[in-house]
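Secondary and tertiary structure notes
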Amino acid sequence: MNNQTQSKANWTLASSMTALSLALFGGVGYMAMATPPPASTPAHTEKAIENLEQSGHAFSSIAKKLAPAVVSLKVEKKVAHETQLGNLPNDDPSNPLNDDLLKRFFGDRMPDSLRHRPAPAQKHAVVGQGSGFVVSSDGYILTNHHVVGDATRVMVKFSDGREMPAKVVGSDSQSDVAVIKVDAKNLATVPLGDSTKTEVGEWVLASGAPYGLTQTLTAGIVSATGRNSVGIASYENFIQTDAAINPGNSGGPLVNLRGEVIGINTAIFSRNGGSVGLGFAIPVEIAKQVYDQIMDHGTVVRGYLGVRIQALTQDLAERFGLKDSHGVLVGEVQKDTPGEKAGLKQADVIVELDGKKIDEAASFRNAIAMKSPGSKVNLTVVREGHRIDIAATLGKLPEAGTVTAAETPKTTSSWGFSVQPLTSELATKFGYAADSGVVINEVTPDSPASEAGLEPGTLIQQVNRRKVHSAEEFTDAMHQDKDARSVMLLVTNGQGSRFVVLKATE
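Attention here is on the structure that accompanies the text.

Conventions adopted
- Residues numbered from 1 in each chain as written.
- Predicted model: local features only at pLDDT ≥ 70, side-chain atom pairs only at ≥ 80, totals over all residues.
- Heavy atoms only, no water.
- Buried < 20%, exposed > 50% of the residue type's maximum accessible area, 1.4 Å probe, protein only.
- Helix = DSSP H or I, 4+ residues; strand = E, 2+ residues; numbered from the N terminus.
- Pairing = 2+ DSSP bridges.
- Axes fitted to C-alpha atoms, helices over the stretch in contact; angles between N-to-C directions.
- Contact = heavy atoms within 4.5 Å.
- Phe/Tyr/Trp six-rings, centres within 6.5 Å; stacked < 30°, edge-to-face > 60°.
- Lys NZ or Arg CZ within 6 Å of the ring centre and 35° of its normal.
- Core = buried A, V, L, I, M, F, W, Y, C linked by side-chain atoms within 4.5 Å.

**What to know about the pairing of strand 12 (residues 279-283)**
Burial within strand 12 is extensive, with five of its five residues counted as buried. One ladder, built from three bridges, connects strand 9 (residues 238-241) with strand 12; its direction is antiparallel. For Q240, the partnering residue across the bridge sits in strand 12 and is F280. For strand 11 (residues 261-268) and strand 12, the ladder comprises five bridges, and the chain directions are antiparallel.

Set out below in structure tokens:
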């Protein structure tokens, strides 16, 4: 504990003791000076107390309803663990390559190198804890993928003390939702609500088994909705809450004051491992979709449009002549995909999906992914200043691609990076299908290029909407307007293409 923290802790303790001392002295040593209490409690105070009591009764009622359906999980997983066999004597029977075995092959001429040899990876069991909640009376339970995803054994404990083994029915790492099942009937269930109606500021309760303490209930409010850049799962739209969530709460329900589940408690932001009022829950609408797909197909399949999208920043909007940054920008349309077949083009700005406005790239990506392959969607795009309606039929999301690395500098830019021509060797090395452009091979720290997220190995294909086929064309395009305070690039890496605006430093 540093001095400042220690001081704070001491101050808090001192304040508490001073208040206690004043109370004692005021009640004993200076009794005559104390103001007598009012004869009766004011009406407005009585009303406030009555309201608080009603809230408390509401929380108690919800706790009683949740208790039979919220379960604690004990999970066993096998974890690889490497050891050095050289640390084990060669005559130790626990050494899988002991002397008896080696002498069969080497006799008395066993090489010294075998006396200090790495062991094959050994696996040992680790035990973890989590939570879940029953969603069907015949034993299906929702929880988190990170709780049961790689489990070799799952035990479920109910509030009445019953313990049952469970099997993992399906687990989706990209949303962090999992379904398990126990062999039981007539179980109490928790009703599922509608997380799309959740509003910031409303009361919520988190239930689960933090640190193994079963049937724990905490209260708080919804701090934010639509958190999609947390970095926990591939598809994010978290509900943020200050209701205390701690290790072991993962997989438990976040409920509203009607006792309906609106989310699955999933993660916390913390510097010390405990709750600091920053908890995140997966909206139950996402959990419902994953649950339905697991129940119907045993796995999760996602919709696929085949375009690389990015957020439409104000800088990009100005470059494309748009009045605001509403919508998402298409950085790349992949070949032979639903997007290409529908007629989408690079630099299109998608502003609506099925008649609903699009504000963020992450929400658009989530909306497409949560639709089933074969679904039809209607897109409204802005292309060269004109609004166009495009109908597309979604495909099935394939596996993700790979990323790449760097080369030697040739042509240097004043924006903080250097490039070299795209050769056939570089195209093969980095996996680029393009036959023209320049490749970034060095980025200066704290430069405009660095701040824009450019990295070595990135392919530049356009400068200010002008195609560049060589280092010379790249240099000409970059110097076309020497007084420009910004420049827009079309860049490509192993994950696809996107537009980037570099802004000159002051």
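After that view of the structure, there is still more to cover.
**Overview of the sheet that holds strand 12**
The six strands lie next to each other as 7-8-9-12-11-10, forming a closed barrel whose pairing is antiparallel. Between one strand and the next, the sheet's axes are offset by a mean angle of 45 degrees, whatever the strand orientation. Across the sheet, helix 5 (residues 284-297) lies against strand 11 and strand 12, angled at about 45 degrees from strand 12, the strand it touches most.

**Observations regarding the packing of aromatic side chains**
Going through the model one piece at a time under the given rule, you end up with four aromatic pairs. Here F238 and F280 contribute two aromatic rings whose centre-to-centre distance is 6.1 Å and whose plane-to-plane angle is 65 degrees, an arrangement assigned as edge-to-face. Taken as a pair, F238 in strand 9 and F280 in strand 12 lie far apart in primary sequence, 42 residues in all. Across the pair, exposure class does not vary: F238 and F280 are buried alike. On the numbers, 5.3 Å between centres and 85 degrees between planes, the contact of F320 with F499 is edge-to-face. You can see F320 sitting in the loop between helix 6 (314-319) and strand 15 (328-333) and its partner F499 sitting in strand 27 (residues 496-503), a full 179 residues away along the chain. Taken individually, F320 and F499 each receive the classification buried, so the pair is uniform in this respect. Above the plane of the ring of F158 lies R162, whose end atom (NZ or CZ) is 5.1 Å from the centre. If you follow K181 out to its NZ or CZ, it ends over the ring of Y140, 5.2 Å from the centre.

**Here's the deal with the nonpolar core**
Membership of the largest hydrophobic core comes to 42 residues, with the highest contact counts inside it found for L73, L142, V148, V156, F158, I180 and V182. In terms of residues, this core owes the most to one element, helix 5, which gives six residues. For V182, the residues in contact, after removing those within four places along its chain, are D138, G139, I141, V156, F158, M164, P165, A166 and L187. Counting residues in hydrophobic clusters, the runner-up holds 20 residues, among them A449, I460, A471 and V500.

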